[in-house]
Amino acid sequence: SFLDQLEEFLPHLDELRINGGEPLMQPLAFALLDRVGALTPDLKVTIATNGTVFNSKVERALAGCNVHLNVSIDSLEPDRYEAIRVHARHDVLMRNVDRFVEYTRRTGRTLCIMVNPMRSNWDEMAAYVRWCNERDIALWFNTIRYPESVALHSLPAAELRDIRSSLLEAEPIESDDQHWLHRRNLAVFERFRDVQLPAWID
């Protein structure tokens with residue numbers, strides 16, 4: 001019934017965003033993508049995924065729709081990633097990310113790596129910039145507010161000052177200043193370090 005009701009809206013949309021949970025594990029999301037592919041295949045569809053799933057259903061959706069991707073990566077370090085994303089495997093994630101990169105480059109669509117700066121991974125934020133710039137991939141930092149036990153904003157100001165000091169003293173991020181995407185990714189990091197953290201400290 002939901003899909004039937006949605007059909008009349010599809011031709012009028014500029015963009016359809018499918019967020020989670022994990023959309024690529026939801027039968028309803030694939031049923032929706034099947035309809036989009038049949039009715040409005042040029043409609044921009046942006047899917048937020050944790051990157052743990054890449055199967056024949058995903059391949060069919062990518063082939064049939066104008067899919068753009070936001071892929072969440074909890075950590076670049078395998079042990080830390082698997083501690084955060086319980087039951088997931090870092091090697092599978094990276095293999096899937098490579099497939100998503102290949103798809104977006106072949107089709108001219110967009111891919112953005114989404115990062116959740118938390119108490120367990122804040123020290124990797126500069127590494128994300130380097131990792132994305134090496135691959136010419138866009139980067140974005142989300143703001144995690146809940147649960148407060150993993151969020152940064154609820155830490156004492158002294159601890160937040162230490163975090164910011166560590167990020168200021170970290171190895172400089174080398175990037176191609178002529179590459180707009182590299183400049184943008186560096187700006188994402190600097191906004192987190194020089195705007196977001198001071199705001200929480202205050």
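A brief look at the structure comes next. (Residues numbered from 1 in each chain as written. Predicted model: local features only at pLDDT ≥ 70, side-chain atom pairs only at ≥ 80, totals over all residues. Heavy atoms only, no water.)

### Quick notes on the pairing of strand β1 (residues 15-18)
Along a regular strand, successive side chains alternate from one face of the sheet to the other.
Alright, step 1. Along β1, the buried face is formed by Leu 16 and Ile 18; none of Glu 15 and Arg 17, which line the opposite face, is buried.
Alright, step 2. When β1 meets strand β2 (residues 44-49), the two strands line up parallel, connected through four bridges. Pairing of Glu 15 across the sheet is with Lys 44, part of β2. (Buried < 20%, exposed > 50% of the residue type's maximum accessible area, 1.4 Å probe, protein only. Helix = DSSP H or I, 4+ residues; strand = E, 2+ residues; numbered from the N terminus. Pairing = 2+ DSSP bridges.)

### Here's the deal with the sheet that holds β1
Alright, step 1. Strand order in the open sheet formed by five strands is β1-β2-β3-β4-β5, and the pairing between neighbours is parallel. Pairing within the sheet leaves two strands with one partner each, and these edge strands are β1 and β5 (138-141). Pairwise comparison of adjacent strand axes, ignoring direction, gives a mean angle of 25° for this sheet.
Alright, step 2. Here four bridges tie strand β4 (residues 111-115) to β5, and the two strands are oriented parallel to one another. Counted as the bridge partner of Met 114 is Trp 140 from β5.
Alright, step 3. Sheet contacts for helix α5 (residues 90-107): β2, β3 (66-72) and β4; angle to β3, the most-contacted strand, approximately 145°. (Axes fitted to C-alpha atoms, helices over the stretch in contact; angles between N-to-C directions. Contact = heavy atoms within 4.5 Å.)

### Considerations on helix α3 (residues 56-64)
Alright, step 1. Within α3, the full set of buried residues consists of Val 58, Ala 61 and Leu 62. The buried side chains of α3 occupy one side of the element, clustering within an arc of 95° when seen end-on. Facing away from the buried side of α3 by more than 90 degrees, the exposed set consists of Ser 56 and Ala 63.
Alright, step 2. The elements touched by buried residues of α3 are α2 (27-39), β3 and α5.
Alright, step 3. Sitting at the head of α3, Asn 55 places a side-chain oxygen 3.1 Å from the backbone nitrogen of Lys 57. (Arc of directions from axis to C-beta. Polar contact = N/O pair within 3.5 Å; in protein donor to acceptor, adjacent residues only side chain to side chain.)

### Topic: the packing of aromatic side chains
Alright, step 1. Per the stated rule, a full pass over the model turns up two aromatic pairs.
Alright, step 2. Ring centres 5.2 Å apart and planes at 50° place the aromatic pair Phe 54 and Phe 100 in the tilted group. Of this pair, Phe 54 sits in the loop between β2 and α3 while Phe 100 is found in helix α5, placing the two residues 46 residues apart along the sequence.
Alright, step 3. For the ring pair Phe 141 and Phe 192, a centre distance of 5.7 Å and an interplane angle of 90° mean the geometry is edge-to-face. Within this pair, whereas Phe 141 is found in strand β5, its partner Phe 192 is found in helix α8 (residues 180-201), the two being separated by 51 residues in sequence. (Phe/Tyr/Trp six-rings, centres within 6.5 Å; stacked < 30°, edge-to-face > 60°.)

### Examining the environment of Arg 109
Alright, step 1. Secondary-structure assignment places Arg 109 in the loop between α5 and β4.
Alright, step 2. With 25 residues separating them along the chain, Arg 109 and Glu 134 place their C-alpha atoms 18 Å apart.
Alright, step 3. Those residues in contact with Arg 109 that lie beyond four places of it in its chain are Leu 62, Cys 65, Asn 66, Val 67, His 68, Tyr 103 and Thr 104.

### Some details on unusual backbone geometry
Alright, step 1. Looking along the chain, the bond that leaves Gly 20 and enters Gly 21 is cis, with omega of 5°.
Alright, step 2. For Gly 21, the position within the fold is in the loop between β1 and α2.
Alright, step 3. Between Tyr 146 and Pro 147 the backbone carries a cis peptide bond, its omega angle lying at -5°.
Alright, step 4. Relative to the elements of secondary structure, Pro 147 occurs in the loop between β5 and α7 (157-169).

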